[in-house]
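# Residue-level structural notes
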Amino acid sequence: MAFGRQNQEKAPEEETSIWECTAEECNCWMRDNFKDKEEHTCPVCHSDMKRATKVIQVVENKSLYYNQ
C-alpha cells in the first residue's frame, strides 16, 4: 500500500524578487514580499543583503493583507 503517493501537481514557479545575503559563507535569502522591515540585513549573520531574483514556487503572503 502506498498512502502518500498520490499524483500531485507541481506548484507553479515564477521569477520572484528576493533579497540574498552578501556574506560569502552565508546562503540566506528571503522573498521580497516576506521581509518584515525596510532594513535589508541578514537575519542569520547580520550582513548586508542585495536584491536579486530567483525562480521559485509561488507563495502568497496573506499576512500583508491583514496588516494593512
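So, how was this worked out
Residues numbered from 1 in each chain as written. Predicted model: local features only at pLDDT ≥ 70, side-chain atom pairs only at ≥ 80, totals over all residues. Heavy atoms only, no water. Helix = DSSP H or I, 4+ residues; strand = E, 2+ residues; numbered from the N terminus. Buried < 20%, exposed > 50% of the residue type's maximum accessible area, 1.4 Å probe, protein only. Contact = heavy atoms within 4.5 Å. Areas by Shrake-Rupley, 256 points an atom, 1.4 Å probe, with all protein chains shown as cover. Salt bridge = Lys/Arg side-chain N within 4 Å of Asp/Glu carboxyl O. Pairing = 2+ DSSP bridges. Axes fitted to C-alpha atoms, helices over the stretch in contact; angles between N-to-C directions. pLDDT = per-residue confidence, 0-100.

What follows is about the overall build of the protein chain. Tallying secondary structure elements over the protein chain gives 1 helix and 3 strands in all. Moving toward the C terminus, one meets the helices and strands of the protein chain in the order β-β-β-α. A burial count over the protein chain gives 21% of its 68 residues as buried. In the protein chain, 60% of the contacts between residues at least 6 apart in sequence involve partners at least 24 apart. Of the roughly 6000 Å² of accessible surface on the protein chain, 45% is carried by carbon and sulfur atoms.

Turning next to the pattern of salt bridges. Tallying each qualifying case throughout the model produces 2 salt bridges. When the shortest N-O distance is used, the salt bridge between Lys 50 and Glu 20 registers 3.8 Å. Taken together, the positions of Lys 50 in strand 3 (residues 49-57) and Glu 20 in strand 1 (residues 13-21) put the pair 30 residues apart, joining distant regions of the chain. You can call Glu 20 partly exposed: its relative accessible area is 27%.

Here we have 3 strands laid out as an open sheet, ordered 2-1-3, and antiparallel in their pairing. Edge positions in the sheet fall to strand 2 (29-31) and strand 3, since each of these pairs with one other strand and no more. The sheet shows a mean angle of 40 degrees between the axes of neighbouring strands, taken without regard to direction. With 9 bridges connecting them, strand 1 and strand 3 associate as antiparallel partners. Paired with Glu 13 across the bridge in strand 3 is Gln 57.

The next thing to look at is the confidence of the model for the protein chain. Per-residue confidence for the protein chain gives a mean pLDDT of 82; residues scoring 70 or more make up 79%. Mean pLDDT across the elements of the protein chain ranges from a minimum in helix 1 (residues 63-66), with 54, to a maximum in strand 3, with 93.

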